[in-house]
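Letter by letter, the chains look like this.
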Amino acid sequence: AQKITQTQPGMFVQEKEAVTLDCTYDTSDPSYGLFWYKQPSSGEMIFLIYQGSYDQQNATEGRYSLNFQKARKSANLVISASQLGDSAMYFCAMRDFSGGSNYKLTFGKGTLLTVNP
Amino acid sequence: KAGVTQTPRYLIKTRGQQVTLSCSPISGHRSVSWYQQTPGQGLQFLFEYFSETQRNKGNFPGRFSGRQFSNSRSEMNVSTLELGDSALYLCASSTGTTVSSPLHFGNGTRLTVT
């Protein structure tokens, strides 16, 4: 069963505007972590932000914030004040311990974000 | 602090050959994971090593194997290459001790099988 779902294959945003990238997940484990990564065309995977299942507040890192809705099992990434350099593929990932898969990250299919000038 | 280093960056091999990819983790990181990335399948987990022991394994055939050395460096080997093995192979390291520890990725090795 797919554990991470990113329903937006592609998104467009105007420079300086905010954009939300969707991510829903599925797990039966009460302890889990959610991660967002950015992959520019160069191929490197860049860690952006982390949210733990027990964290009371939504995570923020500079222009990145995570809209964590536990009951809905969603962890959407919000990028404020988009820049041209934000154009990249964005992946949502989860780590849980269900099925004995300790410390493995499961990734979604990704969303290709294009920032227009 | 130096990041994760993967060598080589590019490889072209012929079907039936074998290949070895190398990964040097961030200093102090004891966990090394390997992922295969293709346009069709996305990012797929191959295996993870922690302190020289394979801790997790993905659903790949036995042609894919790996190992980790005492200095945490890791190698991945693919034997009897098939055309479908063409992919970007990403190595990532982490402390590997908490659910919150992120993976830090290298730039990847792009393998082309002809």
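In what follows, the structure referred to is the one given above.
Quick caveat, the model's predicted, so the values are computed rather than measured.

(A) The side chain of Glu75(B), seen in detail. Residues and elements named next belong to chain B. Structurally, glutamate 75 is set in strand S8 (residues 74-78). Accessibility expressed as a relative area gives 17% for glutamate 75, which makes it buried. Within the structure, glutamate 75 has its side chain in polar contact with the side chain of arginine 73 (distance 3.4 Å). Dropping the residues within four chain positions of it, glutamate 75 is found in contact with Thr20, Leu21, Ser22, Trp34, Ser65, Gly66, Arg67 and Phe69.

(B) Region of interest: the interface of chain A and chain B. Facing the 23 residues of chain A at the interface are 24 residues of chain B. Across the chain A/chain B interface, buried area totals approximately 1800 Å², and carbon plus sulfur atoms make up 57% of it. Three residues, Met45(A), Arg95(A) and Tyr103(A), lead the burial of chain A against chain B; their summed loss comes to 30% of the area buried on that side. If you look at where chain A meets chain B, you find 0 salt bridges. At the boundary of chain A with chain B, the tally comes to 5 residue pairs in polar contact (both at pLDDT 80 or more). Elements with a contribution of two residues or more to the side of chain A that touches chain B: strand S5 (32-39), strand S6 (46-52), strand S10 (88-96) and strand S11 (105-107) of chain A.

(C) Region of interest: the sheet that holds strand S7 (residues 64-68) of chain B. All names here are of chain B. Reading across the sheet, the 4 strands line up as S1-S3-S8-S7 and stay open at both edges, with antiparallel pairing between neighbours. Unpaired on one side and paired on the other, strand S1 (5-7) and S7 mark the two borders of the sheet. Neighbour-to-neighbour, the strand axes of this sheet turn through a mean angle of 15°, independent of strand direction. Where S1 and strand S3 (residues 19-24) come together, 3 bridges link them in antiparallel fashion. Residue pairing for S3: threonine 5 is matched across the bridge by serine 24.

(D) Representation of the packing of aromatic side chains in the model. Counting across every chain of the model gives 13 aromatic pairs over all chains. Each ring, one from Tyr37(A) and one from Phe105(B), has its centre 5.4 Å from the other, and the planes form 90°; the classification is edge-to-face. Taken together, the positions of Tyr37(A) in strand S5 and Phe105(B) in strand S10 (residues 104-105) put the pair across two chains. Accessibility expressed as a relative area gives 0% for Tyr37(A), which makes it buried. Consider the rings of Tyr35(B) and Phe45(B), whose centres lie 5.6 Å apart with planes at 65°: the pair is edge-to-face. Of this pair, Tyr35(B) sits in strand S4 (residues 31-38) while Phe45(B) is found in strand S5 (residues 42-50), placing the two residues 10 residues apart along the sequence. Judged on exposure class, the residue Tyr35(B) and its partner Phe45(B) are both buried. Following the ring pairs from residue to residue traces out a cluster consisting of Phe35(A), Tyr37(A), Phe47(A), Tyr50(A), Phe91(A), Phe107(A), Tyr35(B), Phe45(B) and Phe105(B). Sitting over the ring of Phe50(B), Arg55(B) keeps its end group 4.3 Å from the ring centre.

(E) Main features of the layout of surface pockets. Roughly 500 Å³ of volume is contained in the largest pocket. Lys104(A), Thr106(A), Leu43(B), Gln44(B) and Phe45(B) are the residues nearest the centre of the largest pocket, which is lined by 20 residues in total. Residue assignment for the lining of the largest pocket shows that the elements contributing at least two residues are S11 of chain A together with S5 of chain B. Here the lining of the largest pocket takes 4 residues from S5(B), the largest share from any one element. Of the residues assigned to the lining of the largest pocket, the class counts are 8 nonpolar, 8 polar and 4 charged. Its boundaries defined by the atoms lining it, the second largest pocket holds a volume of some 410 Å³. Lining the second largest pocket are 23 residues, with Gln39(A), Gly43(A), Gln37(B), Leu88(B) and Arg110(B) sitting closest to its centre. Here the residues of the lining of the second largest pocket are counted per class, giving 8 nonpolar, 12 polar and 3 charged.

Scoring rules and cut-offs
Residues numbered from 1 in each chain as written. Chains lettered and ligands numbered in written order. Predicted model: local features only at pLDDT ≥ 70, side-chain atom pairs only at ≥ 80, totals over all residues. Heavy atoms only, no water. Helix = DSSP H or I, 4+ residues; strand = E, 2+ residues; numbered from the N terminus. Buried < 20%, exposed > 50% of the residue type's maximum accessible area, 1.4 Å probe, protein only. Polar contact = N/O pair within 3.5 Å; in protein donor to acceptor, adjacent residues only side chain to side chain. Contact = heavy atoms within 4.5 Å. Buried area = accessible area lost by both parts, 1.4 Å probe. Salt bridge = Lys/Arg side-chain N within 4 Å of Asp/Glu carboxyl O. Pairing = 2+ DSSP bridges. Axes fitted to C-alpha atoms, helices over the stretch in contact; angles between N-to-C directions. Phe/Tyr/Trp six-rings, centres within 6.5 Å; stacked < 30°, edge-to-face > 60°. Lys NZ or Arg CZ within 6 Å of the ring centre and 35° of its normal. 1 Å grid on protein atoms, 1.4 Å probe; cavity = no way out; pocket = protein on both sides within 12 Å on 5 of 7 lines; lining within 4 Å. Points joined across faces, edges and corners; volume = space filled by probe spheres on them. Nonpolar A, V, L, I, M, F, W, Y, C, P; charged D, E, K, R; others polar.

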